[in-house]
Every structure is written in structure tokens, then in C-alpha cells.
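A structural walkthrough
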Amino acid sequence: MSSSPVIIVSDLLADLVMHIPAFPVNATDLVGVSYMELGPGGACNTAIMAARLGLQVACLGEVGYDAFGEAVLEGLQQEGIDITGVVVSPAVRTPVAGVIVDVRAEPAYLGYHGDLRLQALPDAWRPVIRSAAAVFADGWAETPGDAATNLEAFREAQAAGVPVFFDPGPGNPALDNAWHKEAAGLATVVLANEKEAIALTGQRDALAAGQALVKEGPKLAVVKRDVAGALLIAADRFEIAPGYPVPAVDATGAGDSLAAGVIYGYLKGLELSALGVLANAIGAAKVQKRGTGLNVPTRAEVAAVLARFGEDTGTLGD
């Protein structure tokens, strides 16, 4: 693998995670919270997981000079992630996701979009992207400027032969997410759950959607299927990677963590079967932990899942 950093672009936000007994929560209810933590969220989850897997990581994005921005930057720095390219401004308010999780482990989100000002890819970021080992961005954009920045980052990376990883996610319902299709076409690897892959392609099922994505340019499509695992689809073959049955306490950040595993495995040159094993083990390790950011899995926790299910821990490398 290259010693150049993996670059994470945009979606640098804070997560305020709370665990409650059950939904619904009504306007007049007083509900006890069993867990609460503030820390990095969004694409920071992928950045931190990638760093824990042993990759060099740098983030490019925008946060405010506020308590939430401070939580994001301190968390990234704690993991050895390069934040010198992050734009910090007193005029900007950092986006925040309020993540509420009940006993079923599935989150509900309360999104505060902040007040981001960046409208295009800064020139200072271009050489960083061109010399990267890989570039990752997700499909969540707080402003149209975020979307434009991500697309330009992908074009810059593609022109330099740098592999691009894109996870559209559900997208921001307040924005036009048509840009997701262009981003997917620019990507080397697309990661999406079944619903997202079908929405991007208009196909009827996960396999057909993954095949349609690959026909548009990517070398690999990874279709996430929650507890069922994932489909890994290339132009000439596909792999069904079953999930691992583990007790789930918080699914938040599982897809973000899995994305880091795909980046790591792809750069390491893993075969599709081994890549699927590693990605699913990372997802399974995450859902067993509360919270996001600094609570994504460690290498030891991923290795424990691999060992528990009789898989080769060598996919994690040295």
C-alpha cells in the first residue's frame, strides 16, 4: 500500500448520540437517557476507522470555530489524522447530528445543518488530492457547495489516477441529490445499501443495481445488506459475503466503518472474498458498540470477530 494519505472530503460534523429505552418519544414525555456522548461523526467515522486499520488519513472540509467544531478536530487529532487542510472559521457553525438510538439498535437522526460557506474546491486542496492514496466522500451535503466540492475533488482525483470511493448514503432530503449519479460515475468503488443502489440505477434488485453501477464506470460496487452482509460486484464477477450474527446495540456508523474496511482492503489488493469478509467483520464489530467517532471498532475488536467466526485474521495485515 502507498504511504500517501487517504483523503476524506467534506461531511465533517459532530454527533451527539443518545440511547433511550424505546420509540416513540412524545412531546410531553420525560425519557431517561442511558448513554450520551459528543464527538466526531459523519465522514469522520470513516476517517477514524481507516486510521485504526493502519492507513495514513487526512481530512479536508469545513467546521466552525465553536464547541462542536472543537470536538470534531480534537477527536480526529487524537487518532493521528491530519487536519491541516480543514477550514476553520469564526463565521461558520459546525453541522451536528443528534442521533437517538433505542433498544432495537437502529438510529433516528435530528440534523442541524450549521452554516457552511465553502462553495468550491480550494486550490490548496488540489495537490493534496492528486498525491493521495485514495479519496473518499459520502453523499451527504449540507449545502450545494458541498456537493460541488465533492464532485470537483473526484474529478481531480480521477485525472491523477487516484482511486475514488463514494458512498451516497440517503442524501440530504433538503437538497437536490442528482449529483449522486455523477459522483458514482466518477468513482472507482461505489458503496451503497440496497435501497440506495436501486434508487441510483432504477433496477429492481441489489445484484442488478450493482451490475448497473459498474457499467457506468466504477470497477467495484459494494451493496450493503445489513445483517445479510454484502454483495461485491465487479465487471466480470461477483461475490456474496454473508454477514455475521452478533448482538447489536447501535448500528450508527456501521456503514461508515465498513467503508473504511473496503478502502483498506482495496488498497491492499485483497480478493473480493477476503474484502467482503473484512468489511462485514468491521460492520459486525461496530454494531456491538455504542456511539460513533472514537467508538468505532479497534483492530483488536475486528480481529476478535474474525477469529470468532473462524476467519483469517491475516486480512488485517501486520
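Remember, it's a predicted structure, so these values are computed and weren't measured experimentally.

Right, let's talk about helix α10 (residues 299–308) for a bit. For α10, the full list of buried residues reads Val302, Val305 and Leu306. The arc that holds every buried residue of α10, seen down its axis, measures 100°, which confines them to one face. Exposed positions of α10 whose direction lies more than 90 degrees from the buried face are Ala300, Ala307 and Arg308. Looking at the buried positions of α10, the neighbouring elements they touch are α1 (43–52) and α9 (272–287). Positive phi shows up at Gly310, right after α10, with a value of about 70°.

Describing an aromatic ring pair means giving the distance of the ring centres and the angle of the ring planes. In the structure shown here, the tally under the stated rule is 4 aromatic pairs. Seen in terms of ring centroids, Phe165 and Tyr266 are 5.5 Å apart; in terms of plane orientation they differ by 85°. Their pairing is edge-to-face. Taken together, the residues span a long stretch of sequence, with Phe165 in strand β10 (residues 164–167) and Tyr266 in helix α8 (residues 254–268) at a distance of 101 residues. Take Tyr266: its relative accessible area is 25%, and that puts it in the partly exposed class. Of the aromatic side chains, those joined through ring pairs into one cluster are Phe154, Phe166 and Trp179.

Let us look at the pattern of salt bridges. Here the structure, examined in full by the defined rule, presents 12 salt bridges. For the salt bridge of Asp102 with Arg104, the shortest nitrogen-to-oxygen distance reads 3.1 Å. For Asp102, a relative accessible area of 5% gives the class buried. Connected via shared salt-bridge partners are Asp123, Arg126, Arg130, Glu152, Arg155, Glu156 and Glu182.

With that out of the way, let us pick up the sheet that holds strand β4 (residues 57–60). Pairing within the open sheet is mixed, and its 8 strands lie in the order β4-β1-β9-β10-β11-β12-β13-β14. Because the sheet does not close on itself, it has two edges, and the strands there are β4 and β14 (238–241). On average, each strand axis in the sheet is tilted by 15° relative to the strand beside it, whichever way the strands run. Relative to strand β11 (residues 189–193), α8 is tilted by about 155°, and along the sheet it contacts β1 (6–9), β9 (134–138), β10, β11 and β12 (220–224).

Below, the discussion takes up the pairing of strand β8 (residues 107–112). Across the 6 residues of β8, 0 count as buried, placing the element largely on the outside. Note that strand β7 (residues 96–101) and β8 share 6 bridges and pair antiparallel. Each bridged residue has a counterpart across the sheet, and for Val99 the counterpart in β8 is Tyr109. A loop of 5 residues connects β7 with β8, the two strands running antiparallel in sequence, and Ala105 in this loop sits at a positive phi of about 80°.

The rules we used
Residues numbered from 1 in each chain as written. Predicted model: local features only at pLDDT ≥ 70, side-chain atom pairs only at ≥ 80, totals over all residues. Heavy atoms only, no water. Buried < 20%, exposed > 50% of the residue type's maximum accessible area, 1.4 Å probe, protein only. Helix = DSSP H or I, 4+ residues; strand = E, 2+ residues; numbered from the N terminus. Arc of directions from axis to C-beta. Contact = heavy atoms within 4.5 Å. Phe/Tyr/Trp six-rings, centres within 6.5 Å; stacked < 30°, edge-to-face > 60°. Salt bridge = Lys/Arg side-chain N within 4 Å of Asp/Glu carboxyl O. Pairing = 2+ DSSP bridges. Axes fitted to C-alpha atoms, helices over the stretch in contact; angles between N-to-C directions.

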